[in-house]
Amino acid sequence: MTRVRRGYTARRRRTKIRLFASTFRGAHSRLTRTITQQKMRALASSHRDRGRQKRDFRRLWITRINAVTRENKVLYSYSRLIHNLYKKQLLLNRKIPAQIAISNKNCLYMISNKIIK
């Protein structure tokens, strides 16, 4: 009985998975079964960490704004600053005031004075 030559579908699928895992170390980049397991794990981790990254950056921005507001006695606290921003209907997300706080502290001080008046 002659040998049956298989199609290329499975081989193409495996090479696609291998390309994904080509930078992994050891058996995680060589053996098909472990490659698929590591691929699932990597995708799950990246999905989880995208949410965590958003959370971490928000915490960082809040910390930066709070540090500058307490340092300059702007409104004595971050929460009062954000509350007054919402009262005056200034729709600034936390990223912009954090960048202002790093680059130009006086500008954040001026914004807070405008909010109070």
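Everything discussed here concerns the structure shown above.
What counts and how
Residues numbered from 1 in each chain as written. Predicted model: local features only at pLDDT ≥ 70, side-chain atom pairs only at ≥ 80, totals over all residues. Heavy atoms only, no water. Helix = DSSP H or I, 4+ residues; strand = E, 2+ residues; numbered from the N terminus. Rg over C-alpha atoms; globule rule 2.2 N^0.38 Å. Contact = heavy atoms within 4.5 Å. Expected span 1.5 Å × (residues − 1). Buried < 20%, exposed > 50% of the residue type's maximum accessible area, 1.4 Å probe, protein only. Arc of directions from axis to C-beta. 1 Å grid on protein atoms, 1.4 Å probe; cavity = no way out; pocket = protein on both sides within 12 Å on 5 of 7 lines; lining within 4 Å. Points joined across faces, edges and corners; volume = space filled by probe spheres on them. Nonpolar A, V, L, I, M, F, W, Y, C, P; charged D, E, K, R; others polar. Core = buried A, V, L, I, M, F, W, Y, C linked by side-chain atoms within 4.5 Å.

Before going further, it helps to spend a moment on the overall build of the chain. The number of helices and strands found in the chain is 5 helices and 0 strands. Mapped in sequence order, the helices and strands of the chain form the string α-α-α-α-α. Against the globule reference of 13 Å for 117 residues, the chain gives a C-alpha radius of gyration of 26 Å, more extended than a compact globule. Overall, the chain is about 90 × 30 × 20 Å in size when its C-alpha atoms are taken along their principal axes. Taking contacts inside the chain between residues at least 6 apart in sequence as the whole, the part at least 24 apart equals 39%.

Looking now at helix α5 (residues 105–116). With 12 residues, α5 extends 17 Å between its outermost C-alpha atoms, agreeing within 8% with the 16 Å of an ideal straight helix rising 1.5 Å per residue. For α5, the complete set of buried residues consists of Leu108, Ser112 and Ile115. Down the axis of α5, the buried set is contained in an arc of 55°. They therefore lie on one face. Seen from the buried face of α5, the exposed residues on the opposite side, beyond 90 degrees, are Asn106, Met110 and Lys114.

The final tally for this structure, using the stated rule, is 1 cavity of 30 Å³ or more. The calculated volume of the largest cavity comes to roughly 30 Å³. Taken together, Leu81, Leu85, Leu92, Pro97, Leu108, Ile111 and Ile115 make up the full set of residues lining the largest cavity. The set of elements that each furnish at least two residues to the lining of the largest cavity consists of α3 (78–87) and α5. No other element matches α5, which puts 3 residues into the lining of the largest cavity. Split into classes, the residues belonging to the lining of the largest cavity amount to 7 nonpolar, no polar and no charged.

Let us now look at the nonpolar core. As a rule of thumb, nonpolar side chains are buried together in soluble globular proteins. Judged by nonpolar contacts, Ile65, Tyr78, Leu81, Ile82, Leu85, Ala98 and Ile115 together constitute the single largest core of 7 residues. Of the residues forming this core, the biggest block, 4 residues, is contributed by α3. Contacts of Tyr78, omitting those with residues within four sequence positions, involve Ile62, Ile65, Asn66, Thr69 and Arg94.

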